[in-house]
Amino acid sequence: MTQEGAVAARVQHLTKTYGTGETQVVALDDVTIDLMAGEFTAVMGPSGSGKSTLMHCLAALDTADSGSVMIGDQELTVLKDKALTRLRRDAIGFVFQSYNLVPTLTARENILLPLSIAGRDPDREWYDAVIATVNLADRLDHKPNQLSGGQQQRVAVARALVSRPRVVFADEPTGNLDSASGAEVLDLLRRSVDEHHQTVVMVTHDPVAAAYTDRVLFLADGRVVDELRDPSREQVLETMARLAA
Amino acid sequence: MIRASLKSLLARRVRLLLSTFAIVLGVAFVTGILMFSDTVQRSFVALFDSTVGDSVVRPVNSDVAQQGAVFSTQTVPASLQPDLERLPGAARVDGMVSATGVYVLSTGGKVVGGSGPPAFGGNWNDAPAGHGLEGLVILDGHEPHGADEVVLDESTADRAGYELGDKVSIVTATQTLDVHPTLVGIAGFREGGSLNGATYAAFDTPTAQQLFLDGKDAYTVFWVTARDGVSQEELTEQVAAALPEGYEAVTGDDAAEESAGPLLSGIGFLTTFLLIFAGIALVVSSYIIVNTFSILVAQRSRELALLRALGASKKQVIRSVQLEAFAVGLVGSTLGLGLGVVLAMGIRALVSSIGLDLAHQPLILAPRTVLAAFATGIVVTMVAAWLPARRTGRIAPVQALRDDVALPESSVRRRLLLGVALLAAGIPLALVGLFVGAVPHNGWWVGAGVLAVLLGVTAASPVIGRPFLRATGAVEARAFGPMGRLAGQNSLRNPRRTTATASALMIGLTLAFTVAILGSSAKASVDKAVEDNFIGDYVVSSAFGEGFSPAITDRMAEIDGVTEVLRQRYGFGLLGGDEDDGLSIVATAPETIGDFHLKAVAGSVSDFADDTVLLKEDWADDHDLGVGDTLEVTLPTGAKKWRVVGVVEDSPLVFSPVLTTTQTLLDSGFPDQDNYVVVFADPGATGLQERLDAVVEDLPVVTVKDQQAFAAEQRAPIDRIIGIIYGLLFFAVVIAVLGIVNTLALSVIERTREIGLLRAIGVSRRQLRQMIRLESVVIAVLGAVLGVALGIVFGVTLMYALRDQGLERISIPVVQLVVFLVLSLVLGVLAAVFPARRAARLDVLRAIAAD
Ligand SMILES: Nc1ncnc2c1ncn2[C@@H]1O[C@H](COP(=O)(O)OP(=O)(O)O)[C@@H](O)[C@H]1O
Ligand SMILES: [Mg+2]
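Since we're looking at a predicted model, the values are computed, not measured.

Details of the overall build of chain B
So, point 1. Helix and strand counts for chain B come out as 25 helices and 25 strands.
So, point 2. Looking at chain B as a whole, 54% of its 851 residues are labelled buried.
So, point 3. Sequence-distant contacts, at least 24 apart, represent 82% of the contacts inside chain B between residues at least 6 apart.
So, point 4. When the accessible surface of chain B is totalled, it reaches about 35500 Å², and 59% of it is carbon and sulfur.

Listed below in structure tokens is the structure:
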């Protein structure tokens, strides 16, 4: 749905600090990134390097101190809460590390939730495609507590995809999963990019997960310190080792 | 472990605040109701304690006249005083003159107090009341001296609009007294306290004797005050030994009890109600607390599970929960006790505005109340905390560590079974009480049955409520879209919590409806009784049934358009001299007996003459009396024997089972006064009301009423009691609603994470607020529907149970009920305001990170 080569999201000179004085932490330090449409991007870096903060700022869940954030051609920093809410609803999908499904709703209802909140009917074809992609057809009427972690996370991904957002952000989506379940989720994200030209940005610690992506950004102390294209597991490991040294 | 639980307590400040608030609310409710109820009762008894001395000397049988509320001419001579003063146990002897029916007119010419509490007149003195209690003292001005000076009690002077130096109008129902002395003093109790709306006018002794005792050098009673160390009993023995024939001495305690007795049984219904209400307060409070803690522990289950996973035993977990509950309960009870005092003040003010003058009555905080407060706050809280903690203990730690905990369904089923069992026991119990005449204490059966049904419905409500919640959920989903559906699902997620919250409101509304139906039916029954009994066109009567001069009746009989007047007089005696068997007597002139159209069952109405009586059939049967037998009664002038000349069918016109002649009552020591006159008029006569009013113009206590006005007056005392009850119920409903606010707020906190998630995927603040509001409405509607249904069933059931006691009409006040219903829905929406705002304000990221 998005044009190849176009910029799906962009941050420029983004800075965010927490606290003041001695306890001050610079979470993002003048970060500038372009995220290409139809690309699967991984964000890596040691714990505390600012990955989640970056994702939250991009996904309109949080605001930065300075710099600009754009989703498509919409500048976020000028928007008020109402417009940001609408943007989150229509243009952004977010997958949390800990699934975060609504426990009262079935898998199907959870997936359709963003649409029903917006009062939109699902695009039948797209919905079927998403369901087919997440491979959950026989589990749709189960409540979250009847699903495994991997299944819950796939429901969460489906929920992020169903409104056809410009970008899907995923913060350590496989962090709570065993490797087999994690692989299912990564495969799902990969296919959404390949088959549906979805733009996906994912935070991960796992070089195997990073190897699923088209591009890896490395963060350290709130800065982008390195970048890989079409990475392999070995390349990622190597870069990580080099940066840690 | 202890430190861990205390830390977890302090770490969750909002939660702590809300759970403490629930306890404070519950305890305050119980405390307030108990305090108020003690205060009401004390206020009635206190009045009588301060109106008797250590030992009271009075004519034998004077209590007969007193009970009949008829002015007695019986006195004790002043010449007894020196003998009494010589007694070794007597510190002092004071002669008291007292009379009832002495009305103070306001500056506007109206009787102060209206037809409510009694109006006393007497002589001023500073005799101490029994047990050295200080009686009334002069608060302002000085004691009365001479025929032109009077002292009034504070509240009377206030209500009448008199200040020191004003001329006060004082009258009696008869024309025997109509004076205008100057107000020289204001009397009152030094520590506060009131006469409960009674009025009191005091003169100096000679004036009082002149006004109330025909100038005899005598007193109504003597108060003998005991020397230090002499008990009331010892003193009274000495006094009794010194008294001549015809006079008796009773201890002050006995005298107070005697005179308070009829009043206390008169407000017995109110007392019983207050007690029941205190019980209900306890139930509602327990609900709120149990509810709150079941939410808290459900929320804490993950934390507890973590402790279990780290190796804490079940026992340790439960103990830590209990410790936490104890600490919170202690703090909550203490605060609740304080708030309860404020609440009691509020109820007192409310009730005072309805007409029961308690404003000067100090509130009573009995040890029992404090005990009940802490028992509610601590015991209920600990039980409330223990129940869900035990439930948590039953699920495996791993399971509890998962995102959301599904509590075992079996406990819901058990609740249903319990509810069904209670219903199965309660319904037959109530039915037996209602329809099987043979069982003793029908009322208790019905009461127990109704209580069992109430508890049964409450216990089963999670199951009973489920289809309802489904239905409202569906309606909301249709009407409000996705947020409506979410709201419906949230209510269904923990039906136990939803319905328990609704139950608090349900109980409040059940009560309100029951009482509304009782009240409305009581009113309707009075109206019907009036309709049935009202003959003629007007009735002439005075505030308390006190008499008025027969000259009034004579003048009315002469008015154009009046075809006939029918006089009745009231007397009161003791049947065969038995203290407990009071008997009211009605008298009329033998010439007019025909106007009553009495149907004789035995004997003949035409034999009706002096010293004879006609008896009503039922009463005669009960007492085994027939024509030719002798009826023995004790009257102010002593024992009398009256011959029964006829037994007649019941007639609503005759207010008592015994009818004798006017002269017979006069001979028995009752004054020459009419009490109740029926006026018959020409159908065509106009302006009669005005002309009749003109006759009683100078007698503010005597009124002429047509049927409508008469019915309204008969209803007044009922209206007042209903008013008090409504006041209390209002508080109950307010507490229930605050309970809902609390529960909703907690459920918002519990769902912090979920709410954050909803916001993250694009739910707007407005939508979120709407969702919470809808949830609240569901709770309110559920509570209201159950409350309405139960209230109507209970109201009608109780009315049916009371059908033998004169409440024969069942009336359902539809408008009032609809108002209640709408009000509870509005309150439901308002209850959501705070929690909804809190939910909408949550910071998205922080909410998602919350656990
Ligand atoms: N709400 C917050 N308050 C204070 N400091 C924070 C907050 N969120 C994150 N930080 C700090 O900002 C830095 C970056 O955090 P984060 O973006 O979560 O890192 P990552 O996701 O890469 O582990 C860290 O040092 C963290 O301690
Ligand atoms: Mg992170």
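Still more to cover.
With respect to the site of ligand 1
Residue and element names in this part refer to chain A.
So, point 1. Around ligand 1, a shell composed of Tyr-18, Val-25, Ala-27, Pro-46, Ser-47, Gly-48, Ser-49, Gly-50, Lys-51, Ser-52 and Thr-53 is seen.
So, point 2. Between ligand 1 and Gly-50, the relevant distance is 3.0 Å, taken from an oxygen atom to a main-chain nitrogen or oxygen of the residue.
So, point 3. Taking Ser-52, its side chain carries an N or O atom lying 2.8 Å from an oxygen atom of ligand 1.
So, point 4. Contact with the protein chains covers 60% of the free accessible surface of ligand 1, which is 560 Å².
So, point 5. Tallying contributions element by element places helix α1 (residues 51-58) first for the shell around ligand 1, with three residues.
So, point 6. For the shell around ligand 1, a count of residues per class yields four nonpolar, six polar and one charged.

Description of the nonpolar core
So, point 1. Residues Leu54(A), Phe169(A) and Phe29(B) are the most contacted members of the largest nonpolar core, which totals 115 residues.
So, point 2. Both domains that meet at this core, namely domain 1 (1-71 + 250-404) and domain 3 (428-534 + 711-851) of chain B, each give it at least three residues.
So, point 3. One finds Ala78(B), Ile170(B), Ala208(B) and Ala249(B) within the second-largest nonpolar core, a separate group that totals 35 residues.

Details of the interface of chain B and chain A
So, point 1. Contacts between the two partners involve 25 residues from chain B, matched on the other side by 25 residues from chain A.
So, point 2. Joining chain B to chain A, the criterion identifies two residue pairs in polar contact (both at pLDDT 80 or more).
So, point 3. A per-element tally of the side of chain B that touches chain A places helix α14 (residues 442-493) of chain B first, with seven residues.
So, point 4. Residue composition of the side of chain B that touches chain A, by class: 12 nonpolar, five polar and eight charged.

Here's the deal with the confidence of the model for chain B
Low pLDDT means the predicted atomic positions in that stretch should not be read closely.
Residue and element names in this part refer to chain B.
So, point 1. Chain-level statistics for chain B give a pLDDT mean of 78 and a share of 79% at 70 or above.
So, point 2. Element-level pLDDT for chain B is lowest in helix α3 (residues 62-67), with a mean of 48, against a maximum mean of 92 in strand β8 (residues 149-153).
So, point 3. Note on residues 64-72: pLDDT under 50 across the span, and 18 contacts to partners over four residues away in sequence or across chains.
So, point 4. Low pLDDT, under 50, characterises residues 400-409; the stretch is placed with 25 contacts to residues that sit more than four places away or in other chains.
So, point 5. Confidence metrics for the complex model read pTM 0.62 and ipTM 0.77.

Points about the pairing of strand β24 (residues 676-681) of chain B
All names here are of chain B.
So, point 1. A large share of β24 lies buried, amounting to six of its six residues.
So, point 2. Covered by surrounding structure in β24 are Tyr-676, Val-678 and Phe-680 together with Val-677, Val-679 and Ala-681, the residues of both alternating faces.
So, point 3. Inspection of the sheet shows strand β16 (residues 538-542) paired to β24 by four bridges, in the antiparallel sense. The residue of β24 that forms the bridge with Ser-541 is Tyr-676.
So, point 4. Sheet topology note: the strand β17 (residues 562-575)/β24 ladder contains six bridges and is antiparallel. Considered in β24, the bridge of Leu-566 is made with Val-678.

Re unusual backbone geometry
Residue and element names in this part refer to chain B.
So, point 1. Here the phi dihedral of Asp-214 falls at roughly 55°; this positive angle occurs in a residue that is not glycine.
So, point 2. Among the structural elements, Asp-214 can be located in the loop between α6 (205-212) and β13 (218-219).
So, point 3. Assessed through its relative accessible area of 69%, Asp-214 is described here as exposed.
So, point 4. A positive phi angle, near 50°, is found at His-597, a position not held by glycine.
So, point 5. His-597 gets classed as exposed once you look at its relative accessible area, which sits at 67%.

Details of the packing of helix α5 (residues 149-162) of chain A against helix α6 (residues 179-196) of chain A
Residue and element names in this part refer to chain A.
So, point 1. Look at α5 against α6: their axes get within 9 Å of each other, and the N-to-C directions meet at 15°. Our classification of the angle between α5 and α6 gives roughly parallel. Taken as a pair, α5 and α6 cross one another with a handedness that is right-handed. Across the interface between the two elements, Gly-150, Gln-153, Arg-154, Val-157 and Leu-161 from α5 touch Ser-181, Glu-184, Val-185, Leu-188, Leu-189 and Ser-192 from α6.
So, point 2. Classifying every residue of the contact of α5 with α6 by side-chain character gives five nonpolar, four polar and two charged.

A short note on a positive patch on the surface
So, point 1. Judged by side-chain charge, Lys82(A), Arg86(A), Arg766(B), Arg769(B), Arg773(B), Arg837(B) and Arg841(B) come together as a positively charged surface patch.
So, point 2. Looking at the positive patch, the element that brings in the most residues is helix α22 (residues 765-801) of chain B, giving three residues.
So, point 3. Mapped onto the secondary structure, Arg766(B) falls in helix α22.

Some points on the environment of Pro813(B)
Residue and element names in this part refer to chain B.
So, point 1. If you trace the backbone, Pro-813 turns up in the loop between α22 and α23 (814-831).
So, point 2. Distance from Pro-813 to Leu-518, taken between C-alpha atoms, is 9.7 Å for residues 295 residues apart in sequence.
So, point 3. Non-local contacts of Pro-813, meaning those with residues more than four positions away in its chain, are made with Ala-516, Ile-517 and Ser-520.

Overview of helix α21 (residues 752-760) of chain B
Residue and element names in this part refer to chain B.
So, point 1. Most of α21 is tucked away: nine of the nine residues are buried.
So, point 2. Every buried residue of α21 is accounted for by Thr-752, Arg-753, Glu-754, Ile-755, Gly-756, Leu-757, Leu-758, Arg-759 and Ala-760.
So, point 3. One or two residues past the end of α21 sits Gly-762, with phi positive at roughly 105°.

Rules used in this analysis
- Residues numbered from 1 in each chain as written.
- Chains lettered and ligands numbered in written order.
- Predicted model: local features only at pLDDT ≥ 70, side-chain atom pairs only at ≥ 80, totals over all residues.
- Heavy atoms only, no water.
- Helix = DSSP H or I, 4+ residues; strand = E, 2+ residues; numbered from the N terminus.
- Buried < 20%, exposed > 50% of the residue type's maximum accessible area, 1.4 Å probe, protein only.
- Contact = heavy atoms within 4.5 Å.
- Areas by Shrake-Rupley, 256 points an atom, 1.4 Å probe, with all protein chains shown as cover.
- Near = heavy atom within 4 Å.
- Polar contact = N/O pair within 3.5 Å; in protein donor to acceptor, adjacent residues only side chain to side chain.
- Nonpolar A, V, L, I, M, F, W, Y, C, P; charged D, E, K, R; others polar.
- Core = buried A, V, L, I, M, F, W, Y, C linked by side-chain atoms within 4.5 Å.
- Domains from an automatic or database assignment.
- pLDDT = per-residue confidence, 0-100.
- Pairing = 2+ DSSP bridges.
- Axes fitted to C-alpha atoms, helices over the stretch in contact; angles between N-to-C directions.
- Parallel < 35°, antiparallel > 145°, perpendicular 65-115°, else oblique.
- Left-handed = near helix turned anticlockwise from the far one by under 90°.
- Patch = residues over 30% accessible without salt bridge, like charges linked within 9 Å, V, L, I, M, F, W, Y side chains within 5 Å.
- Salt bridge = Lys/Arg side-chain N within 4 Å of Asp/Glu carboxyl O.
- Lys, Arg positive; Asp, Glu negative; His and termini not counted.
- Charge placed at Lys NZ, Arg CZ, Asp CG, Glu CD.

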